[in-house]
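Commentary on secondary and tertiary structure
The residues making up each chain are set out below.
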Amino acid sequence: MTLQAIGFAGNPEVVLVGFKAAGEHEFDVCIEPEDGPYSPDGLGQVRQRAVELYNNHPDRDMIHSVAHVHELRHQELRDRMRAKALEEAFEAMPREQGRRFFASGSVRVGDYEVHTAISVDKAALSSVPQIRTEERDRFQVYQSLVHSVIREILIRSARALYIPGAGSGYFPESADELIGSATEAMVRSMLYCAGFWFGGENHLLMSGLSALPYEGRPGAGRLVIAQQDDPAIEVFLRLKHPVKMRNVPAVRKLLEASGSQSDLLSDGERVYGLGVVKPDYDVDSETVFSVSFTARGVWEFSHAGEALLIVQDGIPRLPTPVLDEEYLEDLVSRFFLEADQDALREAARAAGNHRHGAMLIISGDAANEAERLSPQSWSIEPTQLTNELLTQLTDMDGAVLVDPQGLCHAIGVILDGTAHGRGDPSRGSRFNNAIRYLDSERPRAIVIVYSSDGAINILPQLHPRIEKQIVTDAVERYLVVSSTEPLNFKDCNEAWDAVESFRFYLSDAQCEALNRARSQVDEWEKQTRNLRIIKSDLKPDSDMDESYWL
């Protein structure tokens, strides 16, 4: 839920792993959930690998003069190395090749030392704007907002294990509090790379700067954070008496002096002048960062021109996603066999250069739709618009209507349609009008919605096309493992999870066979297990048809 709040969809999963520290117990390693896809046998080498990592770590020979501090620091290092070994062990499993794991430090619960591990989709994580530095001068650097949020979750989950009744589900902090702490940690750690070691409140200073008007004008400009002696910085104007960043009104006034020719320069603690980042800046060094103030209450934290974090009215999130051109191309190929993919891609990109939101409609019957909607739009002679003109037209209220060849048929289009309960009250009129239009009896169409808050939606949002055999194999596997005696509950659960991931594609006959097999498993559980999870019956989806098969 917290990762979703910042705009990250990486299918996160959580597992607890306990290593026996004392007592007589059957298992040296325990995993929760115990009926999940992981076996203790797969983690049998974690302790040995942790010892190797500890012995090879550069801090292994560090000596602390106070005996109990020395022991504590090395115990923490051993624990961190076991967490790292645990991450490696999970990622080495064949079924987890597409996942990235993060493990917390351990907490003693009874006779076990328990780590929390969170995994996310590796491809989704790699697509998040991030830097490459993981550590600077032995201090950890959080490479992205997602990395920082995950680490904050792990820290808090470890604290929760200290609470009596650990595992009862109590989590003291709200998502907003957690994201705020993660933002602070991310900005502070990235400023380590810029040579500033005391940036704990800089994110609050940036929010203060963005919210403070100057002579009635909202904040605008760019602040570059780098040390004064950084070779990548060219100083045009140097202040004799640098201004402390905490002096928000003074910094806000100085920000007015920044512009297209120069930026305001700060070392993190003080503003020291005006200048620019040189063109030959070595981006791999990751020593120069910038903060852009784009609107009242809005600021972006960036490196080398790539936004890493956006904060709007104190609410942090990942940068606005770029247009999913791969999905657009797939959708166009499904809907319009003779479409000009290049022309439609260019039109979508041009609409994306809007100033305050835009909407592009690709209709299979654009000519007739332009006439039908003409009382509330302007129908025009079919025209191939230049990118510049199409972008200019997005300043007008309403959508731009094009055909599959990219020819424009109408501008200022206001969509009609009947509500069918598929809208989202938290979204604006563009998004909900598009939903209503597509749910009505209209010619086949694709609507690209660019919201003023930065969200991009390509509608309709369809399930991906997949190979039919993949679904057939998943169904057959569950039918086999659920009927094998004795029943292997772990394999059965894993097979059911695979089937559920394909539930949209299941036929009526497949649903019936799976539900019948699942009821037999439920009966076995009822007789052999004290705690069981009731699974709902699978039902065929009315939207599924042959077009979803590759």
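Because the structure is a prediction, the values reported are computed rather than measured.

1. Observations regarding the overall build of the protein chain
Looking only at helices and strands, the protein chain features 16 helices and 21 strands. With the C-alpha coordinates of the protein chain rotated into their principal frame, the extents come out at 80 × 80 × 40 Å. Residues counted as buried form 45% of the 550 residues belonging to the protein chain. For the protein chain, the computed accessible surface area is about 28700 Å², with 50% contributed by carbon and sulfur atoms. The positive charge centre, built from 56 side chains, and the negative charge centre, built from 85, are 6 Å apart in the protein chain.

2. A short note on helix 16 (residues 508–528)
Between its first and last C-alpha atoms helix 16 spans 30 Å; for 21 residues at 1.5 Å apiece the expected length is 30 Å, and the two agree. Gln510, Cys511, Ala513, Leu514, Asn515, Ala517, Arg518, Val521, Asp522 and Glu525 are the residues of helix 16 that are buried.

3. Considering the sheet that holds strand 21 (residues 456–459)
Taken together, the six strands give an open sheet; going across it, the order is 17-19-18-16-20-21, and neighbouring strands pair in mixed fashion. Each edge of the sheet is formed by a strand with only one pairing partner; in this case those strands are strand 17 (378–383) and strand 21. Across this sheet, the average inter-strand angle for adjacent strands is 15 degrees, counted without regard to direction. Pairing analysis gives six bridges linking strand 16 (residues 358–363) to strand 20 (residues 445–450), with the strands arranged antiparallel. Following the sheet pairing, isoleucine 362 is matched in strand 20 by isoleucine 446. Running over the sheet, helix 9 (residues 325–335) touches strand 16, strand 20 and strand 21 and is turned about 160 degrees from strand 20.

4. A few points about the environment of leucine 309
Here leucine 309 is to be found in strand 14 (residues 306–312). In sequence terms leucine 309 and isoleucine 153 are 156 residues apart; their C-alpha atoms lie 18 Å from each other.

5. Structural notes on helix 14 (residues 468–481)
Counted at 1.5 Å a residue, the expected span for helix 14 with its 14 residues is 20 Å, and the 21 Å between its end C-alpha atoms agrees. All of the buried residues in helix 14 are Val471, Ala474, Val475, Tyr478 and Val481. The buried residues of helix 14 occupy one face: seen down the axis, they fall within an arc of 140 degrees. Its buried side turned inward, helix 14 meets helix 15 (489–501) and helix 16.

6. Looking at the pattern of salt bridges
Taken as a whole, this structure holds 31 salt bridges when the rule is applied. A salt bridge links arginine 270 to glutamate 269, with the nearest nitrogen and oxygen atoms 3.5 Å apart. For arginine 270, a relative accessible area of 29% puts it in the partly exposed group. You can call glutamate 269 partly exposed: its relative accessible area is 39%. One connected set of salt bridges, linked through shared partners, spans Glu325, Glu329, Asp342, Arg345, Glu346 and Arg349.

7. Side note on the packing of helix 15 against helix 16
Axis separation between helix 15 and helix 16 bottoms out at 12 Å; the angle between their running directions is 145 degrees. At the point where helix 15 passes helix 16, the crossing takes the left-handed sense. For the pair helix 15 and helix 16, the contacting residues are Phe489, Cys492, Asn493, Trp496 and Val499 in the first and Leu514, Asn515, Arg518, Val521, Trp524 and Glu525 in the second. For the contact of helix 15 with helix 16, the per-class residue count stands at seven nonpolar, two polar and two charged.

What counts, and at which threshold
- Residues numbered from 1 in each chain as written.
- Predicted model: local features only at pLDDT ≥ 70, side-chain atom pairs only at ≥ 80, totals over all residues.
- Heavy atoms only, no water.
- Helix = DSSP H or I, 4+ residues; strand = E, 2+ residues; numbered from the N terminus.
- Buried < 20%, exposed > 50% of the residue type's maximum accessible area, 1.4 Å probe, protein only.
- Areas by Shrake-Rupley, 256 points an atom, 1.4 Å probe, with all protein chains shown as cover.
- Lys, Arg positive; Asp, Glu negative; His and termini not counted.
- Charge placed at Lys NZ, Arg CZ, Asp CG, Glu CD.
- Expected span 1.5 Å × (residues − 1).
- Pairing = 2+ DSSP bridges.
- Axes fitted to C-alpha atoms, helices over the stretch in contact; angles between N-to-C directions.
- Contact = heavy atoms within 4.5 Å.
- Arc of directions from axis to C-beta.
- Salt bridge = Lys/Arg side-chain N within 4 Å of Asp/Glu carboxyl O.
- Left-handed = near helix turned anticlockwise from the far one by under 90°.
- Nonpolar A, V, L, I, M, F, W, Y, C, P; charged D, E, K, R; others polar.

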